[in-house]
Amino acid sequence: MSHKHKALFQVAAIPFKNEPDSLKVLLLTTRKTGKWIVPKGWPIEGLNFNQSAEQEALEEAGVKGLISKDPIGDFIYYKKIAPGRKVPCTVVTYGLHVTDQLSEWAERGQREILWCSLLRAAKKVKNPGLRDIFQNISTDQSILMKTVRQNY
């Protein structure tokens, strides 16, 4: 990926778990606006994109698990970088099969977290690209499972 034009990339995890009745995904609220989103952030120095996404999920939502090696999709949002100035930012997403949920984590209390069905997640998120990712997964849940199975 060339960063000549100073393209902005962030990474995100889509934490999921299988429950007897259905697949559940984890959403959380942004700190400033309280909008529902998935754990995301800037790539972390020394980590690759999927490891950075895994770290964001741990810090923002207190979840750990198996992260996919390959992205499962991406979406664009407009990142506010200065008052009145927004730039498009591409968010590369990875599936995170949650195996552990901590009771204490870095941003606990700063955000709400919610486990919900894919269709409920698609309704709650405002970003159309992220909504599309949830809708794609709801028609083919192996999108999430495959990535994890292939890599472990």
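Above: the structure in question.
First, a word on what this report is: a plain description of the structure on this page. Bear in mind the structure is a predicted one, so any value in this text is a computation, not a measurement.

Description of the environment of K80
Part 1 of the reasoning: Mapped onto the elements of the fold, K80 is located in strand β6 (residues 73–82).
Part 2 of the reasoning: The spacing of K80 and G109 is 29 residues in sequence and 23 Å in space, taken between C-alpha atoms.
Part 3 of the reasoning: Here K80 is in contact with R85 and K86, once residues within four sequence places are set aside.

Considerations on the pattern of salt bridges
Part 1 of the reasoning: One pass over the full model with this rule turns up six salt bridges.
Part 2 of the reasoning: A salt bridge links R111 to E60, with the shortest nitrogen-to-oxygen separation between them at 3.5 Å. Here the residue R111 occupies a position in the loop between β7 (85–101) and β8 (113–117), and E60 occupies one in helix α1 (residues 49–61), the gap between them amounting to 51 residues.
Part 3 of the reasoning: The class for R111 is buried, based on a relative accessible area of 13%.

Considering the layout of surface pockets
Part 1 of the reasoning: For the largest pocket, the calculated volume is near 820 Å³.
Part 2 of the reasoning: Along its surface, the largest pocket is lined by 22 residues, and T30, T33, K40, Y77 and K79 are the ones closest to its centre.
Part 3 of the reasoning: Within the residue set of the lining of the largest pocket, elements represented by two or more residues are β3 (36–37), β4 (40–41) and β6.
Part 4 of the reasoning: Tallying contributions element by element places β6 first for the lining of the largest pocket, with four residues.
Part 5 of the reasoning: Classifying every residue of the lining of the largest pocket gives six nonpolar, five polar and 11 charged.

Some details on a positive patch on the surface
Part 1 of the reasoning: Together, K32, K35, K80, K86 and K126 line one region of the surface with positive charge.
Part 2 of the reasoning: Among the structural elements, K35 can be located in the loop between β2 (23–29) and β3.
Part 3 of the reasoning: Since its relative accessible area comes to 44%, K35 is described here as partly exposed.

Things to note about the packing of aromatic side chains
Part 1 of the reasoning: A full pass over the atoms with the stated rule returns one aromatic pair.
Part 2 of the reasoning: Arranged with centres 6.4 Å apart and planes meeting at 45 degrees, the rings of F9 and F49 form a pair that is tilted. Here F49 lies in helix α1 and F9 lies in strand β1 (residues 8–18), a separation of 40 residues in the sequence.
Part 3 of the reasoning: Just above the ring of W115 sits the side chain of K17; from NZ or CZ to the centre is 4.2 Å.

Concerning helix α3 (residues 128–139)
Part 1 of the reasoning: In this model, α3 (12 residues) spans 17 Å end to end at C-alpha, consistent with the 16 Å of a helix rising 1.5 Å per residue.
Part 2 of the reasoning: For α3, the full list of buried residues reads L130, I133, F134 and I137. Burial along α3 is one-sided: seen end-on, the buried residues are contained in an arc of 95 degrees. In this structure, α3 carries P128 and T139 as exposed residues pointing more than 90 degrees from its buried face.
Part 3 of the reasoning: Sitting at the amino-terminal end of α3 is N127, which places a side-chain oxygen 2.8 Å from the backbone nitrogen of G129.

Topic: the pairing of β2
In the case of a regular strand, side chains alternate between the two sheet surfaces.
Part 1 of the reasoning: Of all seven residues that make up β2, seven are buried, and the element is covered over most of its length.
Part 2 of the reasoning: Residues L23, V25, L27 and T29 point to one face of β2 and K24, L26 and L28 to the other, with burial holding for every one of them.
Part 3 of the reasoning: Sheet analysis places β1 next to β2, joined by three bridges and oriented antiparallel. Bridged to F16 within β2 is V25.
Part 4 of the reasoning: In this structure, the hairpin formed by β1 and β2 is closed by a connection of four residues.
Part 5 of the reasoning: Here β2 runs beside β8; their pairing, made up of five bridges, is antiparallel. Bridge pairing links L27 to L114 in β8.
Part 6 of the reasoning: Judged from the two bridges that link them, β2 and β3 form a sheet pairing that is antiparallel. In the sheet register, L28 faces β3, and the bridge partner there is I37.

Reading guide: rules and limits
- Residues numbered from 1 in each chain as written.
- Predicted model: local features only at pLDDT ≥ 70, side-chain atom pairs only at ≥ 80, totals over all residues.
- Heavy atoms only, no water.
- Helix = DSSP H or I, 4+ residues; strand = E, 2+ residues; numbered from the N terminus.
- Contact = heavy atoms within 4.5 Å.
- Salt bridge = Lys/Arg side-chain N within 4 Å of Asp/Glu carboxyl O.
- Buried < 20%, exposed > 50% of the residue type's maximum accessible area, 1.4 Å probe, protein only.
- 1 Å grid on protein atoms, 1.4 Å probe; cavity = no way out; pocket = protein on both sides within 12 Å on 5 of 7 lines; lining within 4 Å.
- Points joined across faces, edges and corners; volume = space filled by probe spheres on them.
- Nonpolar A, V, L, I, M, F, W, Y, C, P; charged D, E, K, R; others polar.
- Patch = residues over 30% accessible without salt bridge, like charges linked within 9 Å, V, L, I, M, F, W, Y side chains within 5 Å.
- Areas by Shrake-Rupley, 256 points an atom, 1.4 Å probe, with all protein chains shown as cover.
- Lys, Arg positive; Asp, Glu negative; His and termini not counted.
- Charge placed at Lys NZ, Arg CZ, Asp CG, Glu CD.
- Phe/Tyr/Trp six-rings, centres within 6.5 Å; stacked < 30°, edge-to-face > 60°.
- Lys NZ or Arg CZ within 6 Å of the ring centre and 35° of its normal.
- Expected span 1.5 Å × (residues − 1).
- Arc of directions from axis to C-beta.
- Polar contact = N/O pair within 3.5 Å; in protein donor to acceptor, adjacent residues only side chain to side chain.
- Pairing = 2+ DSSP bridges.

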